[in-house]
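Listed here are the chains, written in short residue letters.
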Amino acid sequence: MKINSWQLIVPALAAGLQTVLAGDITGTITLNGTPPEPAIIDMANFAACSAQHAEPVKTMFYVVGPNKGLKDVVVVVKDITGKSAGASAEPLVLDQKGCEYIPYVSAVQTGQKIVIKNSDPTLHNVHIMPAAEGNSSRAKNLAQSQGDSFDWSFPAPEEFLKIKCDVHAWMFSYVTVVDSPYFAVTGKDGSFKIANVPPGKHTIEIMHRKAGKITKDVEVADGSVTVDAALEVPAK
Amino acid sequence: MPLAPSEGERVAGGRVMGIPGQFINAAYFAQLKNGSFQMVEARSNRWLNWFAVFTAVATLALIALGGLVTSKEAGMAVPDWPTTYGYNMFLFPISKWVGGIFYEHTHRLLASFVGILVVALTRWVGGRSACKPLVIIGAIETLVGFVIPHVSPQLTGAGYFLSGIGVVVLLAGIFWVQNEPASHSVRNFAWLAFVLVQVQGLMGGLRVVLIWDKAGIFHAALAQLFLVVLCIIALFTSRWWLDFAKSSGATDRGCLRLWLPLVTLLIFCQLILGATMRHEHAGLAIPDFPLAYHKIWPDMDTASVEGYNQRRLETQEANPITAFQIRLQLAHRFAALLIFAGVAWCARATRRQMGAGHPLARFTLAWFALIGLQVLLGASTIWSNKASDVATAHVVVGALSLSAGALLTILAYRVLIPVAANLPASAPVGVLPARRIGQNAK
């Protein structure tokens, strides 16, 4: 098949133009209210796990930084869909280390490879529990010895898709699957950055497993736009 | 299915596994047939009875271990079946029995043991007549088990399982020394147990390899019925059962022949409700008791349910709570009230009708105590935030309550005569003399 040179040039120019005109969404998500104290995870009967921790391991429902910055919040540009470039994206590495999933909360694009590996000197089972209809065929339960790894991906968007280990009942991780590259997960200080967002008005969704979900409208122009938001500890 | 041996039938004797069959007692008992009593000779084999009791106790332990597996959320801790992390399950190194693997793997081992016990029990009560069916079934299972992996690779595990149990069945049919069969009804119950134990094994395995959570509900409910069947076999092979038949009879003025099975059925429905709650893997849908989210009737709109999920902090992973699960737990609480009242009524009616010293009255009182304990354990399950040992005890006492109800129903049908069973209007209320039952004695 003969390819007209314009057929290559036009998309490349368009992509380049989009990058030039695109902006970044940055910001910090904070937590209002006093979160409950984390619980200590009892690893006393699991020498292979406890030996890897100098300090007691605690639950990670609310990881709050010094300025109330909230970790593990997923921020997604909600109105851009069907733009996944997951097939060519860098794989996400989900490691089992110290009998914990690292990272605890993450996000990937649809079709993006997730490398799930076991760095622990003990057996784990990787129990993948998608709930979205489009991901139902991707449910899996696999055994893993130390050093083993396998790749997995999901075709449909899903919030907080659960991956757990049934050998160690406290081990679980949440992966949010988005069908565009416009998302981020907040770090220890609650900050995030979503790069190269197409210009225009957008709605971003800010979601945390326990503090809930809010949306914000944002207008992206050339450069960077800041969106700060606060989530609340649920009332009792 | 008749509840007693038919005329001329005997409970197993002869030589079994080198143990002399001991006819420790021969007794005549009555069986109600078409409104009249017929005398039936029956004998009890002590060794067979002990074996049946042992099988029932092992099954109760298996239910406890299964309950622990679910309480610990360890049902999927061993991802393969019938192998364990690639090993032959009987050769899986003990050093690897850690965390959830320990519970799931020991559950599988005990299940295999119970499976062998039930095959042996079927062979024992079936006597010589069981040889041919066992050989045929064993051969078919072995062959089908080898074919399945070629037809559906996804069901390879099920094929190996079927072949494995087929070989055990085949061996039981071929090699066991011959002995006399037990009564027809005991044989029927043994064959029922034989089928149930295999269905149970398959369901347990398929739940793992097909990642089929809902199969757990069926697996749990069937386990309860399986225990009931084994308890019935243990009862029918006991000397006590024969002695009980000789004791007394009474007219059923309290409608116990209706209420006992009804309450037992309600308990079974309650166990299914409980199994459904547990196999939703959502932890406690309502975390407080006796109120529900601090109310008599909790809010179940979307926003409220979302709030419940946000507020709870589960150290072991649990599915999100749904309004359906809240309704399920409310129904479970309501059914518990009904059962408590129903068993209390049965205990009172039996005591009034039979007298406090009658075995039926004593057992009904023990049943009531069991239900009281069960209510306490149910509440404790919530107060302890579903501590695995408490939740498992709740499962075990639930299984005992169902079996007790089933056995009491059988006992009531043995000694209580329907009011309409051709008794003269002037017949005394209460206990009838034993000679009345034995009027047709040879």
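Residues numbered from 1 in each chain as written. Chains lettered and ligands numbered in written order. Predicted model: local features only at pLDDT ≥ 70, side-chain atom pairs only at ≥ 80, totals over all residues.

Along its length, chain A carries two helices and 17 strands. Along the first, second and third principal axes, the C-alpha atoms of chain A reach 65 × 50 × 30 Å. Considering chain A as a whole, with its 236 residues, one finds that 36% of them fall into the buried category. For chain A, restricting intrachain contacts to residue pairs at least 6 apart in sequence, the fraction spanning at least 24 positions comes to 65%. (Helix = DSSP H or I, 4+ residues; strand = E, 2+ residues; numbered from the N terminus. Buried ≥ 20, exposed ≤ 12 C-beta atoms within 10 Å, placed from the backbone. Contact = placed C-beta atoms within 7 Å.)

Once that is clear, we can look at the overall build of chain B. Assigned secondary structure in chain B consists of 13 helices and seven strands. Here the contacts in chain B between residues at least 6 apart in sequence split such that 79% fall between residues at least 24 apart.

Turning to the interface of chain A and chain B, a few remarks are in order. Chain A puts 26 residues into the contact, and the matching count from chain B is 22 residues. Sorting the residues of the side of chain A that touches chain B by element identifies β7 (124-129), β8 (140-144) and β10 (158-164) of chain A as the ones contributing at least two each. The element contributing the most residues to the side of chain A that touches chain B is β8 of chain A, with three residues.

Right, let's talk about the domain arrangement of chain B for a bit. All names here are of chain B. For chain B, the assigned domains read domain 1 (46-247) and domain 2 (251-440). Computed over C-alpha atoms only, the centres of domain 1 and domain 2 are separated by 27 Å. With 25 residues of domain 1 in contact, the opposing surface of domain 2 contributes 25 residues. Of all the secondary structure elements, the ones that give two or more residues to the side of domain 1 that touches domain 2 are α1 (46-71), α6 (215-236) and α7 (239-247). Ranked by residue count, the leading element in the side of domain 1 that touches domain 2 is α6, at ten residues. Looking at the side of domain 1 that touches domain 2 residue by residue, the class counts come to 14 nonpolar, six polar and five charged. (Domains from an automatic or database assignment. Nonpolar A, V, L, I, M, F, W, Y, C, P; charged D, E, K, R; others polar.)

Another aspect to go through is the domain arrangement of chain A. Residue and element names in this part refer to chain A. Once the domains are mapped, chain A shows domain 1 (24-80 + 182-236) and domain 2 (83-181). Computed over C-alpha atoms, the centres of domain 1 and domain 2 are 19 Å apart. With 19 residues of domain 1 at the contact, the number on the domain 2 side is 20 residues. Elements supplying a minimum of two residues to the side of domain 1 that touches domain 2: α2 (47-50), β2 (74-77) and β12 (183-185). Sorting elements by how many residues they give to the side of domain 1 that touches domain 2 places β2 first, with three residues. Each residue belonging to the side of domain 1 that touches domain 2 can be placed in one class, and the counts come to 15 nonpolar, two polar and two charged.

Here we come to the environment of Q109 of chain A. Residue and element names in this part refer to chain A. Along the polypeptide, Q109 turns up in strand β5 (residues 105-109). Between the alpha carbons of Q109 and A89 there is a distance of 8.1 Å; along the sequence they are 20 residues apart. Not counting residues within four places of it along the chain, the set of residues in contact with Q109 comprises S84, A85, G86, A89, V178, D179, S180 and P181.

All names here are of chain A. Taken in spatial order, the five strands make up an open sheet running β5-β11-β10-β7-β8, and their pairing is mixed. For this open sheet the edge positions go to β5 and β8, each flanked by a neighbour on one side alone. Pairwise comparison of adjacent strand axes, ignoring direction, gives a mean angle of 25° for this sheet. Here five bridges tie β10 to strand β11 (residues 172-178), and the two strands are oriented antiparallel to one another. Bridge pairing in β11 links K164 to F172. (Pairing = 2+ DSSP bridges. Axes fitted to C-alpha atoms, helices over the stretch in contact; angles between N-to-C directions.)

Moving on, we come to the packing of helix α5 (residues 184-209) of chain B against α6 of chain B. All names here are of chain B. The geometry of α5 relative to α6 is characterised by a closest axis approach of 9 Å and an angle of 155° between their N-to-C directions. Compared by their axis directions, α5 and α6 come out roughly antiparallel. Crossing handedness for the pair α5 and α6: left-handed. (Parallel < 35°, antiparallel > 145°, perpendicular 65-115°, else oblique. Left-handed = near helix turned anticlockwise from the far one by under 90°.)

All right, on to unusual backbone geometry then. The residue after I102 of chain A, namely P103 of chain A, is reached through a cis peptide bond having omega 0°. Assignment of secondary structure puts P103 of chain A in the loop between β4 (100-102) and β5. In this model, N385 of chain B sits at a positive phi of 55°, which is unusual for a non-glycine residue. Along the chain, the position of N385 of chain B falls in the loop between α11 (359-383) and α12 (388-415). For N385 of chain B, a count of 14 C-beta atoms within 10 Å translates into the label partly exposed.

Another aspect to go through is the pairing of β5 of chain A. All names here are of chain A. The buried count for β5 comes to five of five residues, which makes it a mostly enclosed element. Residue alternation in β5 divides its side chains into two sets, V105, A107 and Q109 and S106 and V108, and both sets are buried. Relative to β11, β5 runs parallel, the two sharing five bridges. Opposite S106, over in β11, you have V175 as the bridge partner.

Residues and elements named next belong to chain A. Read across the open sheet, the four strands follow the order β4-β3-β6-β9; overall the sheet is mixed. Of all the strands in the sheet, the pair left with one neighbour each is β4 and β9 (149-152). Each strand of the sheet is rotated relative to its neighbour by a mean of 20°, with strand direction disregarded. Looking at chain direction, strand β3 (residues 92-97) and strand β6 (residues 114-118) are connected through five bridges and run parallel. Across the sheet, the residue bridging to D95 is K117, located in β6.

Moving on: α5 of chain B. Here α5 of chain B spans 38 Å end to end across 26 residues, near enough to the 38 Å set by a 1.5 Å rise per residue. Two residues or fewer past α5 of chain B, I211 of chain B is found with a positive phi of approximately 45°. (Expected span 1.5 Å × (residues − 1).)

With that settled, the discussion passes to the environment of G372 of chain B. With respect to the helices and strands, G372 of chain B occurs in helix α11. Sequence separation between G372 of chain B and I339 of chain B is 33 residues, and the spatial gap between their C-alpha atoms is 10.0 Å.

With that out of the way, let us pick up the confidence of the model for chain B. Residue and element names in this part refer to chain B. When the pLDDT values of chain B are averaged, the result is 85; 84% of them are 70 or greater. Taken element by element, chain B is modelled with least confidence in strand β2 (residues 19-20), mean pLDDT 30, and with most confidence in α11, mean pLDDT 97. Here residues 1-42 is modelled with pLDDT under 50, and outside its nearest four sequence neighbours on either side it reaches 114 contacts, counting other chains as well. Counted against residues more than four places away or in other chains, residues 425-442, with its pLDDT under 50, gives 29 contacts. In the model output, the complex is listed with pTM 0.85 alongside ipTM 0.84. (pLDDT = per-residue confidence, 0-100.)

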